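Architecture and fold: a report
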Amino acid sequence: MYIIYFLIILILPIYAQIKVKKTYSKFAQVPATKGMSGAQVARMILDNHGLFDVRVVPTQGVLSDHYNPATKTVALSEDNYYNSSIAGTAVAAHEVGHAIQHKEAYSFLTLRSKLVPVANISSNASWIFVMIGIFSSISGFLLLGIALLAAGVVFQIVTLPVEFDASKRAMNEVVQLGIISNNEERSAKKVLSAAAMTYVAAAAVAVLELVRLILIYTGMRSDD
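Residues numbered from 1 in each chain as written. Predicted model: local features only at pLDDT ≥ 70, side-chain atom pairs only at ≥ 80, totals over all residues. Heavy atoms only, no water.

A few points about unusual backbone geometry
We count it as follows: Three labels apply to residues, based on accessible area from a 1.4 Å probe with only protein chains included: buried if under 20% of the type maximum, exposed if over 50%, partly exposed otherwise in between. The helix count covers DSSP runs of H or I at least four residues long, the strand count covers runs of E at least two residues long, and both are numbered beginning at the N terminus.
We note that K72 has phi near 50 degrees; this positive angle belongs to a residue other than glycine. Residue classification places K72 among the partly exposed residues on the basis of a relative accessible area of 34%. One non-glycine residue with positive phi stands out, namely A105, at about 55 degrees. Within the secondary structure, A105 is located in the loop between helix 4 (86-103) and helix 5 (107-136).

Looking at the side chain of E184
Note the threshold: Positive charges are assigned to Lys and Arg, negative charges to Asp and Glu, while His and the chain termini are left out of the count. Here, a salt bridge means any side-chain nitrogen of Lys or Arg that lies within 4 Å of a carboxyl oxygen of Asp or Glu. It only takes one pair of heavy atoms within 4.5 Å for two residues to be counted as in contact.
Structurally, E184 can be placed in the loop between helix 6 (139-176) and helix 7 (185-223). Although E184 is buried, it makes no salt bridge; K34 carries the closest opposite charge, 7.6 Å away. Not counting the four nearest positions on each side in its chain, E184 is found in contact with P31, A32, T33 and I86.

Some points on the packing of helix 2 (residues 38-48) against helix 4
The line we're drawing: For helices, the fitted axis covers only the stretch in contact; all axes are lines through C-alpha atoms, and the angles between them, taken along N-to-C directions, range from 0 to 180 degrees. Each crossing gets its handedness from the near helix: less than a right angle anticlockwise from the far helix is left-handed, clockwise is right-handed. Gly is put with the polar residues, along with every residue not named as nonpolar or charged; the nonpolar set is Ala, Val, Leu, Ile, Met, Phe, Trp, Tyr, Cys and Pro, and the charged set is Asp, Glu, Lys and Arg.
At their nearest, the axes of helix 2 and helix 4 sit 8 Å apart, and the two run at 35 degrees to each other. Judged by the twist between their axes, the crossing of helix 2 over helix 4 is right-handed. Between helix 2 and helix 4, the residues in contact are G38, V41, A42, I45 and L46 and G88, T89, A92, A93, V96, A99 and I100, respectively. Looking at the contact of helix 2 with helix 4 residue by residue, the class counts come to 9 nonpolar, 3 polar and no charged.

Here's the deal with the UniProt feature "transmembrane region" (unreviewed entry) in the protein chain
Quick note on the threshold: UniProt positions are given in the numbering used here, feature names are shortened, and annotations may be inferred rather than shown by experiment.
Per the UniProt record, "transmembrane region" (unreviewed entry) is annotated on residues 127-160 and 196-217. Taken end to end, residues 127-160 is 94% helix and 0% strand, and its first and last C-alpha atoms sit 24 Å apart. In residues 196-217, helix accounts for 100% and strand for 0%; the two terminal C-alpha atoms are 32 Å from one another.

Describing the pattern of salt bridges
Counted according to the given criterion, the structure contains 6 salt bridges. In this structure, R169 engages E104 in a salt bridge whose closest nitrogen and oxygen atoms are separated by 3.0 Å. Of this pair, R169 sits in helix 6 while E104 is found in the loop between helix 4 and helix 5, placing the two residues 65 residues apart along the sequence. Among the residues examined, R169 registers a relative accessible area of 18% and is labelled buried. With a relative accessible area of 46%, E104 lands in the partly exposed category. Residue E209 pairs with R212 through a salt bridge whose shortest N-O separation is 2.7 Å. Residue E209 and its partner R212 are located together in helix 7, separated by 3 residues, close to a single helical turn. Under the relative-accessibility criterion, E209 is labelled buried at 11%.

Side note on a nonpolar patch on the surface
Spelled out, the test is: Surface patches are drawn from residues lacking salt bridges whose relative accessible area is over 30%; two like charges belong together within 9 Å, two nonpolar side chains (Val, Leu, Ile, Met, Phe, Trp, Tyr) within 5 Å. Surface exposure here means Shrake-Rupley accessible area, sampled with a 1.4 Å probe, where a residue is shielded only by the protein chains that are shown.
There is a patch of nonpolar side chains on the surface, built from I3, F6, L7, L10, I11 and Y15 and spanning about 630 Å² of accessible area. With respect to the element layout, L10 can be found in helix 1 (residues 2-28). Relative accessible area serves as the criterion here: at 51%, L10 is assigned to the exposed category.

Regarding the packing of aromatic side chains
Here a ring pair, both rings aromatic, is described through the centre-centre distance and the interplanar angle of the planes. Cut-off, in case you're wondering: Paired rings are identified among Phe, Tyr and Trp, the last through its six-membered ring, by centres lying within 6.5 Å, and are further divided according to the angle between planes into stacked (under 30 degrees), edge-to-face (over 60) and tilted (the rest).
Per the stated rule, a full pass over the model turns up 3 aromatic pairs. For the pair Y81 and Y82, a centre-to-centre distance of 4.7 Å together with 75 degrees between the ring planes defines the contact as edge-to-face. When its relative accessible area of 53% is taken as the criterion, Y82 is described as exposed. Ring centres of Y106 and F108 lie 6.0 Å apart, and the angle between their planes is 55 degrees; this geometry places the pair in the tilted category.

Structural notes on the nonpolar core
Quick note on the threshold: Put simply, buried Ala, Val, Leu, Ile, Met, Phe, Trp, Tyr and Cys residues joined by side-chain atoms within 4.5 Å make one nonpolar core.
If you look at the biggest cluster of nonpolar residues, it comprises 33 residues, and the most contacted ones within it are I45, L46, V56 and V74. Broken down by secondary-structure element, the contributors of at least two residues to this core are helix 1, helix 2, strand 3 (73-77), helix 4, helix 6 and helix 7. When neighbours within four sequence positions are excluded, L46 is seen to be in contact with L51, V54, V56, V74, V96 and A99. V130, L142, A206 and Y217 belong to the second largest nonpolar core, which has 10 residues in total.

Here is the structure:
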């Protein structure tokens, strides 16, 4: 069982990363019919929603695209910002989807934002208590570590509807605004689906790890 468990937590995230990089690389080479750069796509969707105060800026790195609600900034990796491709269009629209969620106070995005500081602290501290609890056989420390880790797991789970919703909004926008043609919809969906898989894998691994620690804790308590 432990072999299967470790295979899952090791292989699943690696597979998800390979899948998203392979899919992104493939469609980053496919020019979008409309010839719009990622920056133009983002700006068009933002303006359509009256989000004139949200900036679109380039950022270094590959797949480093993100939306910062604190600064109201859609940051696109340079390839997506300057170039026209199916992948860049899908990614830009997805990040703008988060900006629209922010404007509409989308419940899961609001919850995730509130969980960020909790998740940051818990993720750093949880394993300290987990390791102390396991090596010292003190179940109280392990339980504290599990409780802290659980906060991070909740964050991972809440992230899923946020990302899925942003992708749904992205597809609706690029279709309704005519940014992509009908025969490009399937390709755009492949890019967004591959990206979503990384979040699913992260959540699955987090849940499995939490369950494993709970079983260890249960075993320790039964031995007391």
